[in-house]
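One letter stands for each residue in the lines below.
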Amino acid sequence: MRLIYLSPVPWKSFSQRPHELVRYFHSFTEGEVLWIDPYPGRFPALSDVLSQRPESGGMDCDVPAWLTVVKPKAVPIEPLPFSGTVNGLLWGDVGLAVNRFADNSTILGIGKPTVLALHLLAKQCFSASFYDAMDDYPAFYKGWSRLAMANRERRIISKVSTLLASSSALQERLRHLAHDVRLVPNACAAERLPALPKGRQRMNDQIPVIGYVGTIGQWFDWELVIALAKSNPNTVIRLIGPLYVRPPALPHNICLEPPLPHSEALHAMSRFDVGLIPFKRSTLTASVDPIKFYEYRALGLPVVSSAFGEMALRKECEGVYLIDRNSDMIKVVGQALSNCPTPENTARFRKDNSWENRFSEGRIFASGYRS
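Residues numbered from 1 in each chain as written. Predicted model: local features only at pLDDT ≥ 70, side-chain atom pairs only at ≥ 80, totals over all residues. Heavy atoms only, no water.

J.: Looking at this structure, I do not really get the pattern of salt bridges. What am I missing?
T.: Opposite charge on two side chains permits them to pair, given that their charged atoms come into close proximity. Under the counting rule described, the total for this entry stands at 16 salt bridges. Here Glu191 ties to Arg192 by a salt bridge, and the two come within 2.9 Å at their closest N and O atoms. According to the relative accessible area criterion, Arg192 is partly exposed, its value standing at 37%. Between Arg238 and Glu257 there is a salt bridge, and its shortest N-O distance comes to 2.7 Å. Residue Arg238 is located in strand β9 (residues 236–240), and its partner Glu257 is located in strand β10 (residues 254–257); the two are separated by 19 residues in the primary sequence. For Arg238, a relative accessible area of 18% puts it in the buried group. What makes Glu257 partly exposed here is its relative accessible area of 23%. Residues joined by salt bridges that share partners form a network here, namely Glu20, Arg23, Glu191 and Arg192. (Salt bridge = Lys/Arg side-chain N within 4 Å of Asp/Glu carboxyl O. Buried < 20%, exposed > 50% of the residue type's maximum accessible area, 1.4 Å probe, protein only. Helix = DSSP H or I, 4+ residues; strand = E, 2+ residues; numbered from the N terminus.)

Right under this line is the structure:
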């Protein structure tokens, strides 16, 4: 069995759900993977020229022997109806690589709706296919680009064998478009986490650290973080990750730090007292199940989060404290700092929420497909 996977993120990036999915495929089937990196799809914006893309800090994904990476060339005109004709002239190398790689037991996996994905689906030479819906992709776009993305997503869903949804909101939004829709939430790389903490104990004179690791973009709620910092001046709030928006004036106890490779980011998280997820509630975040929630909890951290996406459904979950701008933030932080899960509970969380367990429960590559 083999897998051709069109990824929404480059292989050489922060390890995310697509990386974990193909690792699981190889461990489950011992099959090889042809990974197709993303290409520029939307029209260029003025901000692309005026600002530099921040370093991601995630260049720690070596290419294993069982995986081949292909980087498609493309002109960023995908919303236009004729983009497939134009870019098709540049996809000869991709088509050649696919034809050489595919056999009668090859599965096609799609991580983002693209014209290239539709081109490959049209080949009808795959034993099975799936679309892994990880985000509400149309919500990332505006105007014509949003309509084009929504249309591509519908067309892809109508052609694949299986639809995977990473959150209950995505499952609900897309369930009427496909017969086989499986909820497969995110998880954590349990086998690559730092050693289990031996109970979290903080000295009385130690300054509590509330930490966030991840991209800081338009969905990041600065007002909420600033209110949290001002309400708890005797804490330090560490924000670690690439910065895609200009931050406002910040209180003295908020520290902006550069992004780190994934392994280093996990070690940085392990030194937090509380994990923070301060996202705005919007169409963009309504379908999000943040991986950092699983990583925080798998490191024995309590989580303070806004009530967005899948986090809004975790109000009663152990170690989760939801806040908004009207919350008693002193009380919430105090409750979070008092939460001390046992190593046994943390170990159980890791086992229940590992990527291997998640993909196995979701029957991503069912026994009938196995070579």
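J.: Could you clarify how one ought to interpret the side chain of Asn87 in this entry?
T.: By the element assignment, Asn87 lies in helix α3 (residues 83–88). Residues contacting Asn87, with those up to four places away along its chain left out, are Ala74, Val75 and Ile77. (Contact = heavy atoms within 4.5 Å.)

J.: Explanation requested: helix α9 (residues 262–269) in the structure shown.
T.: An α-helical turn contains 3.6 residues, so a residue and the one three or four places further along point in the same direction. Turning to α9, its buried residues are His262, Ala265, Leu266, Ala268 and Met269. Around the axis of α9, the buried residues are gathered within 160 degrees of arc, so they sit on the same side. (Arc of directions from axis to C-beta.)

J.: So what exactly am I meant to see when it comes to empty space enclosed by the protein here?
T.: Summary: where empty space remains is shown by rolling a probe the size of a single water molecule over the atoms. Summed over the entire model, instances satisfying the criterion amount to 2 cavities of 30 Å³ or more. Considered as a void within the structure, the largest cavity measures approximately 160 Å³ in volume. With 3 residues, helix α6 (residues 143–159) is the largest single contributor of residues to the lining of the largest cavity. Its residues placed into classes, the lining of the largest cavity shows 8 nonpolar, 4 polar and 5 charged. (1 Å grid on protein atoms, 1.4 Å probe; cavity = no way out; pocket = protein on both sides within 12 Å on 5 of 7 lines; lining within 4 Å. Points joined across faces, edges and corners; volume = space filled by probe spheres on them. Nonpolar A, V, L, I, M, F, W, Y, C, P; charged D, E, K, R; others polar.)

J.: Would you mind going over the side chain of Asn353 with me for this structure?
T.: Note that Asn353 resides in the loop between α12 (343–352) and α13 (355–361). In this structure Asn353 comes out as buried when scored by relative accessible area, which is 13%. For Asn353, the contacting residues outside a window of four places in its chain are Ala187, Cys188, Tyr294 and Arg358.

J.: In this structure, what is going on with the sheet that holds strand β8 (residues 209–213)? I would like to understand it.
T.: Where strands meet in a sheet, backbone hydrogen bonds hold them as pairs that are either parallel or antiparallel. Reading across from one edge, β10-β9-β8-β11-β12-β13 is the order of the 6 strands in this open sheet, with parallel pairing throughout. Because the sheet does not close on itself, it has two edges, and the strands there are β10 and β13 (320–323). Neighbour to neighbour, the strand axes of the sheet diverge by 25 degrees on average, direction disregarded. Two elements, strand β12 (residues 303–306) and β13, share 4 bridges in a ladder whose sense is parallel. Across the sheet, the residue bridging to Val304 is Tyr321, located in β13. Across the sheet, helix α8 (residues 222–231) lies against β8, β9, β10, β11 (274–277), β12 and β13, angled at about 150 degrees from β9, the strand it touches most. (Pairing = 2+ DSSP bridges. Axes fitted to C-alpha atoms, helices over the stretch in contact; angles between N-to-C directions.)

J.: Looking at this structure, I do not really get the nonpolar core. What am I missing?
T.: When a protein is soluble and globular, its nonpolar side chains tend to lie buried together. Counting 58 residues, the largest nonpolar core has Leu3, Val22, Ile36, Ile110, Tyr131 and Phe365 as its most contacted members. Per-element accounting of this core gives the leading share, 6 residues, to helix α5 (residues 115–121). Apart from residues lying up to four places away in sequence, Ile36 is in contact with Ile4, Tyr5, Leu6, Ser7, Val70, Pro72, Val94, Val98, Leu116 and Leu120. Ranked by size, the runner-up nonpolar core spans 46 residues in total, among them Ile254, Ile277, Val320 and Phe349. (Core = buried A, V, L, I, M, F, W, Y, C linked by side-chain atoms within 4.5 Å.)

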